[in-house]
Amino acid sequence: MEELKIEIMQKLKEMREKESSGQQLSVNDSQVLLLAALLEESYNGESTTK
Amino acid sequence: MEKVLQNKEVFTIDPNEKTICILQLTRIGDLIQTLQSVRNLRDQFPRMNLKLVARKSFAMPMLDILKELFNEVHLLSLSDIINPSSLTDTTTNISRLVKNINTSHNDLLVNLSFSKPSGYLASLINADHKMGINRDSLAEQQIPDKWSQFIFSNIMTGDQNPFALVDIFNNIFGVKNYSTAPSTVNYNSKTVTIHPFSSSDKKNWNTNKWSEIIYKLLKNSDDIEINIIGSKAERNIATALCNTPILKSFTHRLNNYVGTTTITESLDIIKQSRLFIGHDSMASHLASLAQRTSLIIALGTVRPHETSPYSEGNYILVPKSSCFPCTPDTLCQFKQCHADIPYQLVYSMAHTLFKTGEIDSSVLEKDNSIFHLNSVLIYKTYFNEHAMLKFDNLLQSRSSIKEVMRQLYRITWLFYLSGKEEKNSFIDLTAESANELSKIMSNLQHLYELSEFGQKYSRYILEEISSETPQLQKIKEFSQKIDEIEELSKLVLKTAPLLSPFIHYFSTVRGNLNGKNIVELTEQTFLSFSDTSVVISVIYELSEKTLAEYRLKTNKTVSSPVTEI
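Residues numbered from 1 in each chain as written. Chains lettered and ligands numbered in written order. Predicted model: local features only at pLDDT ≥ 70, side-chain atom pairs only at ≥ 80, totals over all residues. Heavy atoms only, no water.

Let's shift gears to the sheet that holds strand E14 (residues 294-297) of chain B. Residues and elements named next belong to chain B. Read across the open sheet, the 8 strands follow the order E12-E11-E10-E13-E14-E15-E16-E17; overall the sheet is mixed. Two strands close off the open sheet at either side, each with one partner strand: strand E12 (254-256) and strand E17 (389-393). Going from strand to strand, the sheet's axes swing by 20° on average, the running direction of each strand aside. The pairing of strand E10 (residues 191-195) with strand E13 (residues 275-279) spans 4 bridges and is classified as parallel. Of the residues in E13, the one forming a bridge with histidine 195 is glycine 278. Packing against the sheet, helix H9 (residues 207-220) makes contact with E10, strand E11 (225-228), E12, E13 and E14, and its axis sits at approximately 150° to E11. Packing of helix H12 (residues 282-289) onto the sheet brings it into contact with E10, E13 and E14, and relative to E13 it is tilted by some 155°. (Pairing = 2+ DSSP bridges. Helix = DSSP H or I, 4+ residues; strand = E, 2+ residues; numbered from the N terminus. Axes fitted to C-alpha atoms, helices over the stretch in contact; angles between N-to-C directions. Contact = heavy atoms within 4.5 Å.)

Listed as interface residues are 36 residues of chain B and, on the opposing side, 30 residues of chain A. Taken together, both faces of the contact between chain B and chain A bury some 3000 Å²; the carbon and sulfur share is 68%. Taken together, chain B and chain A are joined by 2 salt bridges. Where Arg55(B) meets Glu41(A), a salt bridge forms, and the shortest distance between an N and an O atom there is 2.3 Å. (Buried area = accessible area lost by both parts, 1.4 Å probe. Salt bridge = Lys/Arg side-chain N within 4 Å of Asp/Glu carboxyl O.)

Turning to the nonpolar core, a few remarks are in order. Ile226(B), Ile277(B), Leu317(B), Ile378(B), Met405(B) and Leu499(B) are the most contacted members of the largest nonpolar core, which has 147 residues in total. Judged by nonpolar contacts, the second largest core, of 33 residues, contains Leu4(A), Leu34(A), Ala36(A) and Ala122(B). (Core = buried A, V, L, I, M, F, W, Y, C linked by side-chain atoms within 4.5 Å. Buried < 20%, exposed > 50% of the residue type's maximum accessible area, 1.4 Å probe, protein only.)

Time to look at the layout of surface pockets. Residue and element names in this part refer to chain B. Looking at the second largest pocket, its volume works out to about 1000 Å³. The wall of the second largest pocket is formed by 34 residues, among which Gln407, Ile411, Asn424, Ser425 and Ile427 lie closest to the centre. Within the residue set of the lining of the second largest pocket, elements represented by two or more residues are strand E16 (376-383), E17, helix H18 (401-418) and helix H22 (518-554). Here the lining of the second largest pocket takes 7 residues from H18, the largest share from any one element. Grouping the constituent residues of the lining of the second largest pocket by class yields 13 nonpolar, 9 polar and 12 charged. (1 Å grid on protein atoms, 1.4 Å probe; cavity = no way out; pocket = protein on both sides within 12 Å on 5 of 7 lines; lining within 4 Å. Points joined across faces, edges and corners; volume = space filled by probe spheres on them. Nonpolar A, V, L, I, M, F, W, Y, C, P; charged D, E, K, R; others polar.)

The subject of this paragraph is unusual backbone geometry. Residues and elements named next belong to chain B. Following phenylalanine 324, the chain continues into proline 325 via a peptide bond in cis, with omega recorded as -5°. Mapped onto the fold, proline 325 is located in the loop between strand E15 (315-319) and helix H14 (336-340). Positive phi outside glycine occurs at lysine 335, with the angle close to 45°. If you trace the backbone, lysine 335 turns up in the loop between E15 and H14. Positive phi values are uncommon outside glycine, yet alanine 387 reaches one of about 60°.

Looking now at the packing of aromatic side chains. All names here are of chain B. Under the counting rule described, the total for this entry stands at 18 aromatic pairs over all chains. Ring centres of tyrosine 409 and tryptophan 413 lie 6.4 Å apart, and the angle between their planes is 20°; this geometry places the pair in the stacked category. With tyrosine 409 and tryptophan 413 both in helix H18 and 4 residues apart, the pair spans about one turn of that helix. Each member of the pair, tyrosine 409 as well as tryptophan 413, carries the same accessibility label: buried. A centroid spacing of 5.0 Å and a plane angle of 85° characterise the contact between tyrosine 505 and phenylalanine 506, whose relative ring orientation is edge-to-face. Members of the aromatic cluster, connected to one another through ring pairs, are Trp147, Phe150, Phe163, Tyr409, Trp413, Tyr416, Phe502, Tyr505 and Phe506. For arginine 135, the ring lying beneath its charged end belongs to tyrosine 120, and the centroid distance is 4.5 Å. (Phe/Tyr/Trp six-rings, centres within 6.5 Å; stacked < 30°, edge-to-face > 60°. Lys NZ or Arg CZ within 6 Å of the ring centre and 35° of its normal.)

Honestly, it's all geometry; don't read function into it.
Listed below in structure tokens is the structure:
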């Protein structure tokens, strides 16, 4: 799991660089963002409408 | 539905031929409320292709019910997706899920959940049109439609939303409530089903109060039996409740189903019961699906106007505690709202409902001490002329300023977002709420002036752009003024926090403008400030009339703001 987290962090760093240079994100980038958000929720608990 | 093209050719759009993909990643309660709204969509368009994307953990327990309405159900589960040692494998699994969702063409994607993952997933799903939160190619958040902007600004950030969640979903889909029959008492049954649990300790009483209610119901009526329902996680608490010494002699009339039934079986148990009692939770939504009369105790973070059982004829007990409703992150040691609802009152109402099937204000006042009634609001649900859920205040108690504003917002939002008017009687003010309302009117004037300035500066930008020699510096200066106006509007929040629904809504609107160039964006900014002025004028006039009526009734003078909007 640690390996996966490190890979995600690396990808997110690359994305931030892409964003700052105004480049569009790829489908794979969106998949990583979705994954990071799902992992974040799995630690904090799933969202409700509140 | 007919649409006329520019060349006058008329073609017909049949919504029955369209596919709507609905994204709902939140909990079972939210999923049931989604289902209640989608039922209206299905009633109106029986052949429409409906897809649902939901979390596996929440959708699996009610898959049978979901499959009755949806043509396809796609399940998202982190544990199914993730390969802890390979990001490539994990993203391939995500690709597979998304590919399945995208297999047949989606005409419309509606994201009804407002979480981060749902926004990213929405960006991966292909659809001609998208509603609700999604992300653009730069991963920027977008909320394109009005009602989703309303949810984002009013529900996610405050507690003054006056509408049932199902009604908001109905408005997003553009359907009316067609299929909700009133909840009724089942006189063929002698059982009362109780769900004394919820998803958080803040939202439910401890077992002592429930054991008192169950004891009194069983002791005072020989013909009553009690069912207790709940999930496996609640099994230990339920066992402790059933083993309470005072309930020992009634075990033959107490059926503990906790942790032993599926959601479909729980739904059936509620259907077979005479009535349902519980907190605001997944089970209370099941009770509305079962169309069984419910008595709901709203505590902690619950917002009764938003999530009470969506059917007519349910009774909702709401504490008058000043801190109610709180938020999930509020620390609370004393749980004042738990103490403010007396168990004697719940017993008395449950007993009356069991015997007669109905409660009115005279019965409440006859059967209960004024001390027990004083700390609660008691509502009965009904549908208004637009088939939207509304609350009847059974105790006719005068409204706090928060309640006054909620009612004024309901009228205003309904008019602004849907062009609907609702029949309402004048709001009964207390001296305190009258004074507060007067102060709020002064702040409305400030907001009105700010929105007028907003219109002025956006017009200046448009004029500068259309001039023969547009000066970039001037455009920048005007644009800065608009930013200042946004900041000043937020300052008004500090003195009038009850105006946050307006301020947050219109700042959300301006954060989601959809223009291709500076002219289009500025035009939309102008229109949004113009809309702000209109909405403020409406609520100002409503406040003015409410205060005038109060003065007439009481012969009291309330300081009123000098200027007219």
